[in-house]
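What the coordinates show
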Amino acid sequence: MSALLPELALGWRRAVRGPSLPALLATLALCLLFLPGRDDPGLVRTGYGVVLAWMLLLVSALWIGGGAYALDRDRRRLALTLTKPVRRWALWWGRLGGVLAPFAVAVAALWGCLALRPIPEGRAVAAPILPSLDGAAREELARLRAEGRVPPGVPERRLLRAVRDHLAVAYTELRPHSPVTYRFPASAKAGGAAFRLSGTPFLGARDALDLRVSAVCGPNTATLRPQELRDTGFTLPLPEGFLVPGQPVAVTLERRDANAAASVIYRERADLTLLLPGLPPLLNLTLFCLALFLTVAMAAALGLACGCAFSLPVTLFVGTVGLLAVTAAALSPPTTVAEEMANLWTRLSAGVSECIARPFRGLVALNPLHRLLLGEAIAPADLLRVFLTAALPWCLILSLAAPLSPLADEDK
């Protein structure tokens, strides 16, 4: 620990030297407090400002982390440090902690800026209780094989996964005078709840649709009619005190019109959700800022590892390309089995993308900014899982792969 503290202080001084930290804080305030809004000045531009702030933090962490050792390498000033009895882990982790210290201040400032805006409550999202897709996937695969539509040479496990993924996003049509009931799990807390139908469910004459939503929870019942249907669906708040702890909720969708020119289609496993009492807004905002800080730490670790091997210009170039490659791979849409078997290039590109993006799939699935702005709770367990499966292994691998020995040989 005695060897770790000097490196941490050195990394802090290197990161805050010059106008970088004041400029970073001023830019964050500009993005989050002074961007104009439309309709709702609190939330319409908040997402845009947070995306700008997030990208600014990532790029700044990558560049400042890259200069932590690259500048010492270029100026040949590392020999004095390496001649001391300091372990390699203390060098790397101490400098990383020092680099991240000003970004902790920046993320705390971002938390303060967002706390001034009307952030919605973080509600727990409950999906409907639906049967498993394993049996339906086997039946669908047998039908496709009988029709000769299964590509040859594909393992059975991958075929079942592809069919299961296709069934999970298949659309269901709500027909007139054919009500459909969905059951949702019980809530452990009493309080308000809301039913949400997302996606683009309404096709055709929306004004002519007569859609009714009925909900039952123990002795409580409620019948609601959404007004002014939009293409992006609707969210219906249920009456206050509707939830009964320990009692499941049954929601019935019914079309009472007979308009053949309009349709209501949705994905049962993705578009139907029940919003239950979850986290207070400030606690949800804190979890969001922690997720943001994890990504900043990963970017700083990437820059620090590159700076151990390359000069400063090469470090910035390689680190930026690496950050872009990771982002592109993590956000790339998944390919189907048929696409992967179509040609060799698609198969290779899908394999490379999967290898690069595997550590970051959990972070992309968490989607903390989307949850924050839509009023969904960021579960602490999900954030801890991202830390243990993505951020910590990423930093450990980079600390082991950082070639500090060439720096010592060069300075000697």
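Rules behind the numbers
Residues numbered from 1 in each chain as written. Predicted model: local features only at pLDDT ≥ 70, side-chain atom pairs only at ≥ 80, totals over all residues. Heavy atoms only, no water. Pairing = 2+ DSSP bridges. Helix = DSSP H or I, 4+ residues; strand = E, 2+ residues; numbered from the N terminus. Axes fitted to C-alpha atoms, helices over the stretch in contact; angles between N-to-C directions. Core = buried A, V, L, I, M, F, W, Y, C linked by side-chain atoms within 4.5 Å. Buried < 20%, exposed > 50% of the residue type's maximum accessible area, 1.4 Å probe, protein only. Phe/Tyr/Trp six-rings, centres within 6.5 Å; stacked < 30°, edge-to-face > 60°. Parallel < 35°, antiparallel > 145°, perpendicular 65-115°, else oblique. Left-handed = near helix turned anticlockwise from the far one by under 90°. Contact = heavy atoms within 4.5 Å. Nonpolar A, V, L, I, M, F, W, Y, C, P; charged D, E, K, R; others polar. Expected span 1.5 Å × (residues − 1). Bend = angle between axes of the 7 residues up to and from the residue. pLDDT = per-residue confidence, 0-100. Salt bridge = Lys/Arg side-chain N within 4 Å of Asp/Glu carboxyl O.

**Thoughts on the sheet that holds strand β8 (residues 234-237)**
With antiparallel pairing, four strands are arranged side by side in an open sheet as β1-β11-β4-β8. Edge positions in the open sheet fall to β1 (122-126) and β8, since each of these has one partner strand only. Pairwise comparison of adjacent strand axes, ignoring direction, gives a mean angle of 30° for this sheet. One ladder, built from four bridges, connects strand β4 (residues 194-197) with β8; its direction is antiparallel. What sits directly across from Ala194, in β8, is Pro237.

**Some words on the nonpolar core**
By size, the foremost hydrophobic cluster in this structure holds 63 residues, and its most contacted members are Leu57, Leu110, Leu114, Phe288, Leu292, Val296 and Trp394. When contributions to this core are tallied by element, the ones reaching two or more residues are α2 (20-33), α3 (46-75), α5 (88-115), α8 (281-307), α9 (312-331), α12 (361-366), α13 (368-374) and α14 (380-401). The next biggest cluster of nonpolar side chains, apart from the first, holds 30 residues, and it includes Leu174, Phe202, Leu224 and Leu243.

**Remarks on the packing of aromatic side chains**
Applying the stated criterion to the full structure yields five aromatic pairs. On the numbers, 5.6 Å between centres and 85° between planes, the contact of Trp54 with Phe288 is edge-to-face. On the criterion of sequence distance, the pair formed by Trp54 in helix α3 and Phe288 in helix α8 is long-range, its members being 234 residues apart. Considered together, Trp54 and Phe288 belong to a single accessibility category, that of buried residues. Each ring, one from Phe184 and one from Phe195, has its centre 6.3 Å from the other, and the planes form 75°; the classification is edge-to-face. One end of the pair, Phe184, is in strand β3 (residues 180-184); the other, Phe195, is in strand β4, and 11 residues separate them in sequence. Counting every residue linked through ring pairs, the aromatic cluster contains Phe184, Phe195, Phe202 and Phe234.

**Quick notes on the packing of α8 against α9**
Between α8 and α9, the shortest axis-to-axis distance is 9 Å and the interhelical angle comes to 140°. By the angle between their directions, the pair α8 and α9 is classed as oblique. Along this stretch, α8 crosses α9, giving a crossing that reads as right-handed. In this structure, α8 uses Leu302, Gly303, Cys306 and Gly307 to contact α9, whose residues at the interface are Thr315, Val318, Gly319, Gly322 and Leu323. Across the contact of α8 with α9, the residue classes break down as four nonpolar, five polar and no charged.

**As for the sheet that holds β3**
Taking strand neighbours across the sheet as the criterion, the four strands line up as β3-β9-β6-β7 in an open arrangement whose pairing is antiparallel. Taken across any chain shown, the strands that pair with only one partner, and hence form the sheet edges, are β3 and β7 (220-224). On average, each strand axis in the sheet is inclined to that of its neighbour by 15°, with strand direction left out of account. Sheet topology note: the β3/strand β9 (residues 249-255) ladder contains five bridges and is antiparallel. For Val180, the partnering residue across the bridge sits in β9 and is Leu253.

**A few points about α14**
One turn of the α-helix equals 3.6 residues, which is why residues spaced by three or four share an orientation. Between its first and last C-alpha atoms α14 spans 30 Å; for 22 residues at 1.5 Å apiece the expected length is 32 Å, and the two agree. Largest kink in α14: about 40°, centred on Phe387. Three or more residues of α14 are buried, namely Leu383, Val386, Ala390, Ala391, Trp394, Cys395, Leu398 and Ser399.

**Things to note about the pairing of strand β10 (residues 263-266)**
Side chains of β10 alternate between two faces, with Val264 and Tyr266 buried and Ser263 and Ile265 left unburied. Alignment of strand β5 (residues 202-203) against β10, held across two bridges, turns out to be antiparallel. By the bridge assignment for β10, Leu203 is matched with Ser263.

**A closer look at the side chain of Asn284**
If you trace the backbone, Asn284 turns up in helix α8. Setting aside residues no more than four positions away along its own chain, Asn284 makes contact with Gly122, Leu279, Leu372, Glu376, Ala377 and Ile378.

**Concerning the confidence of the model for the protein**
Per-residue pLDDT for the protein averages 81, and the proportion of residues at 70 or more is 83%. When pLDDT is averaged over each element of the protein, β3 comes out on top at 95 and helix α15 (residues 405-411) at the bottom at 46.

**Quick word on the packing of α9 against helix α11 (residues 344-357)**
Where α9 contacts α11, the axes come no closer than 8 Å and their chain directions differ by 110°. Between α9 and α11, the angle is such that the two are roughly perpendicular. Listed contacts from α11 to Ala325, Val326, Ala329 and Ala330 of α9 are Ser353, Ile356 and Ala357. Residue composition of the contact of α9 with α11, grouped by class: six nonpolar, one polar and no charged.

**Some remarks on the pattern of salt bridges**
With the rule as written, the count across this model stands at 15 salt bridges. Here Arg206 ties to Asp231 by a salt bridge, and the two come within 3.2 Å at their closest N and O atoms. Of the two residues, Arg206 sits in the loop between β5 and β6 (211-217) while Asp231 sits in the loop between β7 and β8, which places them 25 residues apart along the sequence. A residue is classified by how much of its surface remains accessible, and Arg206, at 30% relative accessible area, is partly exposed. Asp210 is the partner of Arg212 in a salt bridge, and the nearest nitrogen-oxygen pair spans 3.0 Å. Taking relative accessible area as the criterion, Asp210 reaches 16% and is therefore assigned buried. Shared partners join several salt bridges into a network, and the residues in it are Glu140, Arg143, Glu147 and Arg149.

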